[in-house]
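# Report on the structure
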Amino acid sequence: MLVLQPARKRRDSGARIGLAIAGGGPIGGMYELGALRALDEAIEGLDLTRLEVYVGVSSGAFLAAGLANRMSTAEMCRIFITGDADDEVVFNPASFLRPAVFEYLRRAAGVPRLLLEWAGAALRRPGEARLSAAINHFGGILPTGLFDNSGVEEFLRRIFTSRGRSNDFRELARPLFVIAVDLDTGSAVRFGDAGWDDVPISQAIQASSALPGLYPPVEIRGRHFVDGALRRTMHASVALDHGIDLLLGINPLVPFDASVGGTRPHEEQDKLSEGGLPMVLSQTFRTLLQSRVEVGLAKYAEKYPDVDQIVFEPNPADEEMFFTNVFSFSSRRRVCEHAYRTTLRDLAKRRDELAPLLARHRLRLREEVLANPERSLLDGLGDAPRSTETTARLRRALDDVDALLSRRRARRR
């Protein structure tokens, strides 16, 4: 589904484009990668690695950081989907789902102390030894996360310290902001902003993707951080505040509209409650996320009336995105391909509205891409270029020179 919000005021704009990518777990990230790959191929003049500003939340933070580090969508598809990237780092989903053994042991070590404290309190105040009080007292035994997210940081650190990339916000050519929430205050923190730009990008993403219950909070400077989506879904205002002309946003989690129909059994679609607590929680969580996007877009239209906004989301009856386990790495190729094709279809369906809007930003839809309904995510990837660390750095330097010359030629016209 494509949410289009044209600017209410017209101005002589350049092509200052900002990107805001929400979270959504592994599957949400793969949806976003497929959508980005579709935009990359279908819109002429759009260079996703050279935008004005990047904002990422949770799983979307890695994609934003990769693009800001000038990793192309094709390159990221090779890392996560085909596995034939020209890179020494190999993506291993198991490293993202390692049990948080040390967290379990640390919590278990506190059991004797808690038992003694509880027994002493019960003897002193027998009337207060209620079940509810016991649950509250022994809540500290439970781990703060099921999985160890140190593997997330290690993987990202290896990615961003090779091939001429950088793990330092201050060394990037364009601003990158990774959003996390301070657990002790409930406030959002923009890693990459002044005062927080010395935190390694890999650690900022680890903090932004620390979904409570799944991963433990990440400690930085004595403060503990969790998933940035707890405050807002996309944090698009961070990009809008940079004076952009066009906002591109991606939100991979939307509620499922069972009344629209589809291919699954009618009973399963029409009564989501039959799926039990997991399905009810999933629908509730998705509804909250999308409602915040809708409220945000309405506010942005008032506050930034001269900015065009395009947000990409799954369609309301998208069974693939709703019924696939959000934390399933094994479904990543199927979901990425699905997002790629649905995004191309959405662009084709709204081409009459999109064409004049994109033209204002020196962009154009590629009809040869949109006209092929059988086009696959893999068709445009080609073979991964083989190179050493040195030649990879040289290729990036030559790419910088080519981009500089292109900008100068454009200004002369």
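Residues numbered from 1 in each chain as written. Predicted model: local features only at pLDDT ≥ 70, side-chain atom pairs only at ≥ 80, totals over all residues. Heavy atoms only, no water.

## Side note on the overall build of the chain
Assigned secondary structure in the chain consists of 16 helices and 11 strands. The 413 residues of the chain split such that 51% are buried. For the chain, the share of sequence-separated contacts (at least 6 apart) that also reach a separation of at least 24 residues comes to 79%. Accessible area for the chain stands at about 19,600 Å²; split by element, carbon and sulfur atoms hold 55% of it. (Helix = DSSP H or I, 4+ residues; strand = E, 2+ residues; numbered from the N terminus. Buried < 20%, exposed > 50% of the residue type's maximum accessible area, 1.4 Å probe, protein only. Contact = heavy atoms within 4.5 Å. Areas by Shrake-Rupley, 256 points an atom, 1.4 Å probe, with all protein chains shown as cover.)

## Topic: the state of the cysteines
As used in these notes, a disulfide is a covalent bond between sulfur atoms, one from each of two cysteines. The full count for this structure, using the stated rule, is 0 disulfides. This cysteine, Cys77, is not joined by any disulfide, and Cys336 carries the nearest cysteine sulfur, 4.7 Å off. The class for Cys77 is buried, based on a relative accessible area of 0%. (Disulfide = S-S within 2.5 Å.)

## Considerations on unusual backbone geometry
Here Ser58, not a glycine, exhibits a phi torsion of approximately 55 degrees, which is positive. Position of Ser58 among the secondary structure elements: in the loop between strand S4 (53-57) and helix H2 (59-68). Positive phi is not limited to glycine here, since Arg163 has a value of about 60 degrees. Relative to the elements of secondary structure, Arg163 occurs in the loop between helix H7 (150-160) and strand S5 (176-182).

## A closer look at the side chain of Asn167
By the element assignment, Asn167 lies in the loop between H7 and S5. Of note is the side chain of Asn167, whose polar atom sits 2.9 Å from the backbone nitrogen of Ser202. For Asn167, the residues in contact, after removing those within four places along its chain, are Arg157, Phe160, Thr161, Pro200, Ile201 and Ser202. (Polar contact = N/O pair within 3.5 Å; in protein donor to acceptor, adjacent residues only side chain to side chain.)

## Quick word on the environment of Phe327
Mapped onto the elements, Phe327 comes out in the loop between helix H12 (319-323) and helix H13 (332-349). As for Phe327 and Gly28, which are separated by 299 residues in sequence, their C-alpha atoms are 8.8 Å apart. The contact partners of Phe327, leaving out residues within four places of it in the chain, are Pro26, Leu211 and Leu214.

## Observations concerning the environment of Ser328
For Ser328, the location among the structural elements is in the loop between H12 and H13. It is 6.6 Å that separates the C-alpha atoms of Ser328 and Pro26, two residues lying 302 residues apart in sequence.

## Here we look at the nonpolar core
Counting residues in each nonpolar core, the largest one holds 84 residues, and the members touching the most others are Leu176, Phe191 and Ile310. It is helix H1 (residues 25-42) that contributes the most residues to this core, 9 residues altogether. Apart from the residues lying within four places of it in its own chain, the contact partners of Leu176 are Tyr54, Ala64, Ala65, Ala68, Phe169, Phe191, Gly192 and Ile201. In terms of nonpolar packing, the next biggest core, distinct from the first, is built from 21 residues, Ala20, Leu247, Leu297 and Tyr304 among them. (Core = buried A, V, L, I, M, F, W, Y, C linked by side-chain atoms within 4.5 Å.)

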